[in-house]
Structures are given as structure tokens and as C-alpha cells.
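Each chain, letter by letter, is given below.
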Amino acid sequence: MSFTVRPVTSTDAPALASLINPIIRAGNTTALEAEFTAGALDAAYLTGPKVHCCHVAIDETGEVAAFQTLGRYPGLPEDVGDIGTFAALDRKQSGAGSALFAATTARARDLGHSAINATIRADNVGGLAFYAKLGFADHGVTPAMPLADGTPVDRVHKRYSLISRET
């Protein structure tokens, strides 16, 4: 399947909130646990002041398949963006994430970033495999981060170096 990838605008927020909220409700693949209003999602991950870039993948039928955001995250160096990728539940393994990554890495390079960080729940096997397939390398682990219900889940930190890499 092919996708059109473009930068997100605030007008995309309602559709992207409709995409991410079922992922949050389903659990097990994101550390996010509270659903978003369109406005809150826009401010936090789409066009807000801590967002370096955000792209959306639109499929051949005009439907939103996925989005990928890159932004500031506390504790990371200024030249390292933190990535999040969210694919519609019925679109996993469709290629949308890889299409988005090309746009995200290009923008990160334009911004002068040296690397991209991904923090993934240790129980998110698909997410760990996705970032490994893109070339992210293990960088560290934050052990036993509690979920809202108190369940401890490790967070795996992966890095993708933008230095001396061609995409």
C-alpha cells in the first residue's frame, strides 16, 4: 500500500484524536493512559511549542493511517528529538510507519538533530520490533515505571543516530 505523507496541521487534530484514543483504550502498546481531546492532542504532540515536527500518513482512499511526532522530552539533549508513532489499530504493519519515518528523519536533520530517541514499553513487542527494524539501537532501560494502576513496566530507550547516516 502506498501513502501520502504530509506535515500535520491543527485541522488534523480531531481525526488524529480518533486514531490515538482507541490505541490508548486498548492498552499494552503505549505508555499514554489518558485519552485526548483534539485540542490537547494538538498542543502536546501535533503543533504545540515542544513539537519539532509531526507527519500524517494518508492511504490511497484518503483515510488517515498513522501519524508520527517528534518533540522535546525532559532529560534529552537539545539535539535529540523524542519520537512517537501511532498507527490505526486496523493498520498495523501496513508500511505507514516506515513512510512517516523518512519524513521525520529528513526534518530532524534539517533541525540539526544528532539523534532520535524512542521510549517503548518493554511489553510492546511490536513497537520494539518496529523501531529495531528502522535501525534504532538499544540505549538504556528505565525499570519498573508504574502504570496508572500501579503495574510496573520497564521502558526501553532506543536511539537512531542521524550522524553519518543516509536515508
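Residues numbered from 1 in each chain as written. Predicted model: local features only at pLDDT ≥ 70, side-chain atom pairs only at ≥ 80, totals over all residues. Heavy atoms only, no water.

Asks: Looking at this structure, I do not really get the pairing of strand S2 (residues 51–58). What am I missing?
Replies: As a general feature of sheets, a regular strand has side chains that alternate between the two faces. Of all eight residues in S2, seven are buried, a share of seventy percent or more. Note: strand S1 (residues 4–7) against S2, four bridges, orientation antiparallel. Of the residues in S2, the one forming a bridge with Val5 is Ala57. Of the strand pairs in this sheet, S2 and strand S3 (residues 64–71) are connected by seven bridges, and their pairing is antiparallel. Along S3, the bridge assignment pairs Val51 with Gly71. Where S2 hands over to S3, the hairpin turn is made up of five residues, of which Gly62 adopts a positive phi near 90°. (Buried < 20%, exposed > 50% of the residue type's maximum accessible area, 1.4 Å probe, protein only. Helix = DSSP H or I, 4+ residues; strand = E, 2+ residues; numbered from the N terminus. Pairing = 2+ DSSP bridges.)

Asks: Would you mind showing me how to read helix H4 (residues 125–134) here?
Replies: Three- or four-residue spacings in an α-helix give side chains the same orientation, since the helix completes a turn every 3.6 residues. Looking at H4, one finds that the buried residues are Gly127, Leu128, Tyr131 and Leu134. Looking straight down H4, one finds its buried side chains confined to an arc of 130°; they lie on one side. Across H4 from its buried face, at more than 90 degrees, point the exposed residues Val125 and Lys133. Against strand S4 (80–87), helix H3 (96–110), strand S5 (115–121) and strand S7 (152–161) lie the buried residues of H4. Positive backbone phi, approximately 105°, marks Gly135, located one or two places after H4. (Arc of directions from axis to C-beta. Contact = heavy atoms within 4.5 Å.)

Asks: Even after reading the chapter, I still don't get the pairing of S4, so can you show me in this structure?
Replies: Of all eight residues that make up S4, seven are buried, and the element is covered over most of its length. In this structure, S3 lies alongside S4, joined through six bridges in antiparallel fashion. Residue pairing for S4: Gln68 is matched across the bridge by Thr85. By the bridge criterion, four bridges tie S4 to S5 in an arrangement that is parallel. Note on S5: the bridge partner recorded for Asp82 is Asn117.

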